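Fold and geometry: a report
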Amino acid sequence: MASGSDVIERPEVVAATSEAAPARRWVVPLLLVVGWMLSVAWRMWLSRHIVLPIAHTDEDSYLNTARALAGGPGGFSSENDLLRRVGYPMLISPAFLGDRDFADSYRLVQLINAMVNSALLPLAYLLGRRLLRLRRSYALLGAVAAATLPATAFYAGVAMIDTVMAPLVVAWLLAVHRWIERPGPLAAATVGLLVGGFHLLHSRGLVIVAVHAGLVLLLFARRRISPPAILAALLPVLAMALVNAAAIRHLGDKVYLLGSTPGGGSVEAVASAQGVVRVSAGVATQLWYLVVITFGMAGVAWAAAVRELWRPRHGDAVRWTMGVALVVTVGVAGGASVILAGITGKPLDAIYGRYVQMLAPFWLLVGLGVLLTAGSRVVLRRAAVAVALLVGGGALIAVRLAYVASRGHRLRYGGFSAPDLVALTGGLREMRPVIGSLVGIAGCLLLVATVLVPRLRMPVLGVLVVVNLVTMQVIDHRIVRPAVASTAPMPRVADVGVRPGERVWASTGVDYVTRFNLSHQVTWTDVRWFSEQPPAAAQAVFARWAPGQADDWDGTAYGFVRLGGNPAQHWAAWRRA
């Protein structure tokens, strides 16, 4: 792509400034380091209210597994045997080393998250410079816009795998570009290692593994890589799969699985015309969502990527990288829709955007790269595609929601799947596709002005960063804080009088969110569950406290004395007399 600057420096200017060049060479690295530190601090500030998990049961599963890997007690995991991954628990397991209160360990998890999540800033800068050929100032501000994107920044405050995925996507596609540009065993191994990281982290990595295998075969068929390079690209993936298997074997039965292995439900979901329509609607909604939260830039980027595949203008490395990114985007959206449609016991979602969110920063940057390097006619054509996607997608989703409502049902947001869409549209209780499309169109038109009025480019990029910051504040006030208030049991377990070393059980009569967050505070043992009568080994229990209700648990009938609790939250701690 063009460099984004049509100014060619004169030889005498270069000579006159040659002595200052070594000093200037350190400016960008210094800015990136300072920016990374500020990014970590901002993420930690945003997570200051979150002292216990709010995204159940994903957080609980990762935290229990991480504690077991650190040598502590285990617990349950909502995963299943087929899709079980331990990469993220391995990353955060150091937070559980030593004898710490859970709140302290959880804060360390957030710090690890913030540090890894903030790596998106320097990676996005490299993407802007190497793949998109942006000038330094554009690449820096574009990287800040990508690093503050709520689709990525939100997850740094909770113990969820999504905090790692966006930086890994950008690192992987950078490595793919480098590999195509300069084939070699080291570049191949780097790509393979990053793909293996996806496999180690989450089941959606299977899509990336499949795309990686296809890329290796295509490169070999076109005689662009040799057999040693094939081994270098594939062996790290196998190694990461073995690491995952070894870690699971090491855990043994310390972590017990509650998830059901996917069966025929996923096949049945696409075995009928109705099922195909349902899955297609899920895919279209996720893709529309990406265009909205990137303010049209994903649509601009897709139009440019398809054009690059059809008529390459910027070299094979760009062409192949864009092709890989497109296939992964559609593949992840499709795979997620099929798997979710096959879970028959789960209510349908209006949108479940978690799996594609990891791609949002990449497509935002590519879209910005098109705006900042292409001519005005090209930009207007690409923007027209983005607007068409927003209009068509919003209309189709609105029709879908209306159709489902006419049949007496209501589609809801998937849990913690689209907090940015909630904030941007004000749709806390319901999805608002028309407003979402209008937000995307308005953002796209504003960004297109960066081409029509060049002096507005830096200010408009700055406005994009400000919008991201404000959106995160709205998410904090409207989603995070209410979730914290509704899920944090009070008083604390230590204040009630449950003592370290006691064997603790929890009744299934306690709401599962309260039960999980009570159990996390018991750091010395794995809190198992009982239905009515606690086992003889139980020394302390958490049970339902609902005065005057039929399901109020009377521990005195089993030889327990109530220590305290919170009848408003319907829980109490009891100790065997």
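Cut-off values and rules
Residues numbered from 1 in each chain as written. Predicted model: local features only at pLDDT ≥ 70, side-chain atom pairs only at ≥ 80, totals over all residues. Heavy atoms only, no water. Helix = DSSP H or I, 4+ residues; strand = E, 2+ residues; numbered from the N terminus. Expected span 1.5 Å × (residues − 1). Contact = heavy atoms within 4.5 Å. Pairing = 2+ DSSP bridges. Salt bridge = Lys/Arg side-chain N within 4 Å of Asp/Glu carboxyl O. Buried < 20%, exposed > 50% of the residue type's maximum accessible area, 1.4 Å probe, protein only. Core = buried A, V, L, I, M, F, W, Y, C linked by side-chain atoms within 4.5 Å. pLDDT = per-residue confidence, 0-100.

What follows concerns helix α15 (residues 273-293). Every α-helix winds through 3.6 residues per turn, so residues three or four apart in the chain are directed the same way. Taking 1.5 Å as the rise per residue, α15 with 21 residues should run 30 Å; its terminal C-alpha atoms sit 30 Å apart, in good agreement. Two residues or fewer past α15, Phe 295 is found with a positive phi of approximately 55°.

When you line up the elements, Trp 42 lands in helix α3 (residues 27-46). For the pair Trp 42 and Glu 59, spaced 17 residues apart in the sequence, the C-alpha separation amounts to 21 Å. The contact partners of Trp 42, leaving out residues within four places of it in the chain, are Thr 148, Ala 153, Leu 469 and Met 472.

What follows covers the pairing of strand β5 (residues 504-507). Where β5 meets strand β7 (residues 540-543), 3 bridges bridge the pair, whose relative direction is parallel. Across the sheet, the residue bridging to Val 504 is Ala 540, located in β7.

Here we come to the pattern of salt bridges. Tallied over the entire structure, the rule returns 12 salt bridges. Taking the shortest distance from any N to any O, the salt bridge between Asp 162 and Arg 354 comes out at 2.9 Å. One end of the pair, Asp 162, is in helix α10 (residues 162-181); the other, Arg 354, is in the loop between β3 (349-351) and α18 (360-373), and 192 residues separate them in sequence. In terms of burial, Asp 162 and Arg 354 fall into one category: buried. Its salt-bridge partner being Asp 526, residue Arg 528 comes within 2.5 Å of it at the nearest N-O pair.

If you look at the biggest cluster of nonpolar residues, it comprises 154 residues, and the most contacted ones within it are Trp 172, Trp 179, Phe 362 and Trp 363. Of the residues forming this core, the biggest block, 13 residues, is contributed by α10. Apart from the residues lying within four places of it in its own chain, the contact partners of Trp 363 are Met 297, Ala 298, Ala 301, Trp 302, Ala 305, Met 322, Ala 325, Leu 326 and Thr 329. The next biggest cluster of nonpolar side chains, apart from the first, holds 13 residues, and it includes Val 510, Val 527, Ala 540 and Trp 571.

Next up on the list: the confidence of the model for the chain. Mean pLDDT over the chain: 91, with 93% of residues reaching 70 or higher. The low-confidence segment residues 1-20 (pLDDT under 50) makes 19 contacts with residues lying over four places distant or belonging to another chain.

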